[in-house]
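Summary of structural features
Here are the chains, one letter per residue:
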Amino acid sequence: VPLFLLMGEIMLRAGLSDKLYRGLNLWFQRVPGGLLHTNIVSCSVFSAISGSSVATAATMTQVALPEMRRAGYEPGFSAGLIAAGGTLGIMIPPSVIFVLYGIMTETDIARLFFAGVVPGLLAIVMYAITVMIVGLFKPDWMPRAELWSWSDRWKSLANIWPIALLFIFVLGGMYGGFFTSTEAAGMGAMGALLLGLVRGTEISLDRVAPMGN
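Along its length, the chain carries 12 helices and 0 strands. Classification of the 213 residues of the chain by burial places 46% in the buried group. When contacts within the chain are restricted to residue pairs at least 6 apart in sequence, those whose partners lie at least 24 apart make up 76%.

Unoccupied space between atoms shows up once a probe the size of one water molecule is rolled over them. Here the largest pocket is characterised by a volume of approximately 270 Å³. Of all elements in the fold, only helix 2 (16-25), helix 3 (34-50), helix 9 (117-137) and helix 11 (161-175) reach the threshold of two or more residues within the lining of the largest pocket. Tallying contributions element by element places helix 11 first for the lining of the largest pocket, with 5 residues. Here the lining of the largest pocket is composed, by residue class, of 15 nonpolar, 1 polar and no charged.

For an α-helix, 3.6 residues make a turn, and residues three or four places apart therefore share a direction. Among all positions in helix 7 (residues 96-105), only Val96, Phe98, Val99 and Gly102 are buried. Projected down its long axis, helix 7 carries its buried residues within an arc of 160°, all on one side. Taken from the residues just after helix 7, glutamate 106 is the one with a positive phi, measuring 55°.

So, about the side chain of serine 78. Locating serine 78 in the fold gives a position in helix 5 (residues 75-86). Serine 78 gets classed as buried once you look at its relative accessible area, which sits at 2%. Here glutamate 74 takes part through its backbone oxygen, which lies 2.8 Å from a polar atom of the side chain of serine 78. Discounting residues that sit within four places of it in the chain, serine 78 has contacts with Leu36, Leu65, Met68 and Tyr73.

Here we come to the packing of aromatic side chains. In this structure the tally under the stated criterion is 1 aromatic pair. Taking 6.4 Å as the distance between ring centres and 35° as the angle between the ring planes, the aromatic pair formed by phenylalanine 98 and phenylalanine 113 counts as tilted. Of this pair, phenylalanine 98 sits in helix 7 while phenylalanine 113 sits in helix 8 (residues 109-115), and the two are 15 residues apart along the sequence. Given the relative accessible area of 0%, phenylalanine 113 is considered buried.

Attention shifts here to the packing of helix 1 (residues 2-13) against helix 11. In contact at an axis separation of 13 Å, helix 1 and helix 11 are set at 170° when each is read in the N-to-C sense. It follows that helix 1 is roughly antiparallel to helix 11 by the angle criterion. Seen from helix 1, the contacting residues are Phe4, Met7 and Met11; seen from helix 11, they are Ile163, Leu166 and Val170. Residues belonging to the contact of helix 1 with helix 11 are distributed by class as follows: 6 nonpolar, no polar and no charged.

With their axes 10 Å apart at the nearest point, helix 2 and helix 4 (residues 53-71) run at an angle of 40° to one another. For the element pair helix 2 / helix 4, the angle class is oblique. As helix 2 packs across helix 4, the resulting crossing turns out to be right-handed. Contacts between helix 2 and helix 4 involve Ser17, Asp18, Tyr21 and Arg22 from the former and Thr59, Val63, Ala64, Glu67 and Met68 from the latter. When its residues are assigned to classes, the contact of helix 2 with helix 4 shows 4 nonpolar, 2 polar and 3 charged.

For proline 119, the location among the structural elements is in helix 9. Along the primary structure proline 119 and methionine 91 are separated by 28 residues, whereas in three dimensions their C-alpha atoms are 6.9 Å apart.

Rules used throughout
- Residues numbered from 1 in each chain as written.
- Predicted model: local features only at pLDDT ≥ 70, side-chain atom pairs only at ≥ 80, totals over all residues.
- Heavy atoms only, no water.
- Helix = DSSP H or I, 4+ residues; strand = E, 2+ residues; numbered from the N terminus.
- Buried < 20%, exposed > 50% of the residue type's maximum accessible area, 1.4 Å probe, protein only.
- Contact = heavy atoms within 4.5 Å.
- 1 Å grid on protein atoms, 1.4 Å probe; cavity = no way out; pocket = protein on both sides within 12 Å on 5 of 7 lines; lining within 4 Å.
- Points joined across faces, edges and corners; volume = space filled by probe spheres on them.
- Nonpolar A, V, L, I, M, F, W, Y, C, P; charged D, E, K, R; others polar.
- Arc of directions from axis to C-beta.
- Polar contact = N/O pair within 3.5 Å; in protein donor to acceptor, adjacent residues only side chain to side chain.
- Phe/Tyr/Trp six-rings, centres within 6.5 Å; stacked < 30°, edge-to-face > 60°.
- Axes fitted to C-alpha atoms, helices over the stretch in contact; angles between N-to-C directions.
- Parallel < 35°, antiparallel > 145°, perpendicular 65-115°, else oblique.
- Left-handed = near helix turned anticlockwise from the far one by under 90°.

Below you can see the structure in the form of structure tokens.
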């Protein structure tokens, strides 16, 4: 559990969470409520990395809420969606709750992780549908953002693919039997640290930790 949380902490302090959010935003800009959809996907990805609902909600509040306020999104609905997106950390592997449950009941943790995939994906789809429905009745809550070119979108993948590779590496290695759940957490934390260094990002020690108040 501490290693999964450490992985999320490194992601935040190295600025990788910010890069992920801004990269995804370019791909959802043409969809009504683009920043809200970006928040949903970002929450799901960060949940898959940190395994903690509290860490996901706290991190996305720091990253996403200021962006949505600047864009003119309705504050209450934006904050509510961030809180709802944070709950994905319970279902999407590697969920800390699944780890604790598996330890207490002596249940295979990898199987618990696999069981959370479908409910997690279903929750993501339902959140997206909810945003679309609200957008039909409250279009003023979701102002249109500046449109970017396709070349800018492809360039933004540089901020997305490293985190996607980390996700595949951690879960793929665990499901493939290359290492245990504990080893996967350690490899993920090391992978996040290496990503922060390779991406040339200074790891800030004065950022608010995702497990903060």
